[in-house]
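Structural description and commentary
Below, each chain spelled out in residue letters.
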Amino acid sequence: MFELNNRELGEIGENAAAEMLKAKGYRILKRNYRCRLGEIDIIAARGSKISFVEVKTRRSDHYGRPCEAVDINKQAHIRRTAVCYLKEIRRKGYVPEAVSFDVVEIVAEHIECAF
């Protein structure tokens, strides 16, 4: 029997999220951006807005929606990491007009014998 580990499932979720964002007109700027303060799954732009996207992938919603895992501590961690990125691009002469912090939730649930 083939079972994905959490890292593999997360990578599938991030790929799906990136494709969904592209379909909505976003341009993917960075994936798995890292600095000394942390990591952001996807950094995307649409127009003059930059979105910092946390992707949460779960096998089911048995323990709640995936977005509920983005608690206040995780939000602060993402904000601090986003500041690193914004400082980097500002040094290169780019300042976005708007910034957003988004969550894409992916539920990869297999419902056997559904009908």
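Provided above is the structure to which this section pertains.
These lines cover the structure that appears in this document, whether it is placed above or below. (Residues numbered from 1 in each chain as written. Predicted model: local features only at pLDDT ≥ 70, side-chain atom pairs only at ≥ 80, totals over all residues. Heavy atoms only, no water.)

Next up on the list: unusual backbone geometry. Even without being glycine, Asn32 reaches a positive phi, approximately 55°. With respect to the secondary-structure elements, Asn32 resides in strand E1 (residues 27-35). In this structure Asn32 comes out as partly exposed when scored by relative accessible area, which is 30%. The phi dihedral of Cys113 falls on the positive side, at around 50°, and the residue is not glycine. Mapped onto the elements of the fold, Cys113 is located in the segment after strand E4 (98-107). (Helix = DSSP H or I, 4+ residues; strand = E, 2+ residues; numbered from the N terminus. Buried < 20%, exposed > 50% of the residue type's maximum accessible area, 1.4 Å probe, protein only.)

With that settled, consider the sheet that holds strand E2 (residues 38-46). Judged by pairing direction, the sheet is mixed, and its four strands sit side by side in the order E1-E2-E3-E4 without closing on themselves. The sheet is open, and its two borders are formed by E1 and E4, each paired with just one other strand. Strand-to-strand twist in this sheet, taken as the mean axis angle between neighbours without regard to direction, amounts to 30°. Note that strand E3 (residues 49-58) and E4 share 10 bridges and pair parallel. Looking across to E4, one finds that Lys49 is bridged to Ala98. Sitting on the sheet, helix H1 (residues 6-23) is in contact with E1, E2, E3 and E4, with an inclination near 140° to E3. (Pairing = 2+ DSSP bridges. Axes fitted to C-alpha atoms, helices over the stretch in contact; angles between N-to-C directions. Contact = heavy atoms within 4.5 Å.)

Let us now look at helix H2 (residues 72-91). Its 20 residues place the ends of H2 29 Å apart at the C-alpha level, agreeing with the 28 Å of an ideal helix rising 1.5 Å per residue. Of the residues making up H2, those classed as buried are Ile78, Thr81, Ala82, Cys84, Tyr85 and Ile89. For H2, the buried positions fall inside an angular range of 150° around the axis, keeping them on one side. Seen from the open side of H2, the exposed residues pointing more than 90 degrees away from its buried face are Ile72, Asn73, Lys87, Arg90 and Arg91. In this structure Asp71 caps H2, since a side-chain oxygen of it lies 3.2 Å from the backbone nitrogen of Asn73. (Expected span 1.5 Å × (residues − 1). Arc of directions from axis to C-beta. Polar contact = N/O pair within 3.5 Å; in protein donor to acceptor, adjacent residues only side chain to side chain.)

Taken together, the side chains of Lys30, Arg36, Lys87, Arg91 and Lys92 make up a positively charged region of the molecular surface. Structurally, Lys30 can be placed in strand E1. (Patch = residues over 30% accessible without salt bridge, like charges linked within 9 Å, V, L, I, M, F, W, Y side chains within 5 Å. Areas by Shrake-Rupley, 256 points an atom, 1.4 Å probe, with all protein chains shown as cover. Salt bridge = Lys/Arg side-chain N within 4 Å of Asp/Glu carboxyl O. Lys, Arg positive; Asp, Glu negative; His and termini not counted. Charge placed at Lys NZ, Arg CZ, Asp CG, Glu CD.)

This next bit is on the pairing of E3. The buried count for E3 comes to eight of 10 residues, which makes it a mostly enclosed element. When E2 meets E3, the two strands line up antiparallel, connected through five bridges. Pairing of Ala45 across the sheet is with Ile50, part of E3. Counting the residues that bridge the hairpin from E2 to E3 gives two residues, and of these Gly47 lies at a positive phi of roughly 65°. The parallel pair E3 and E4, bridged by H2, forms a crossover whose chirality is right-handed. (Right-handed = clockwise from strand over helix to strand, strands pointing away.)

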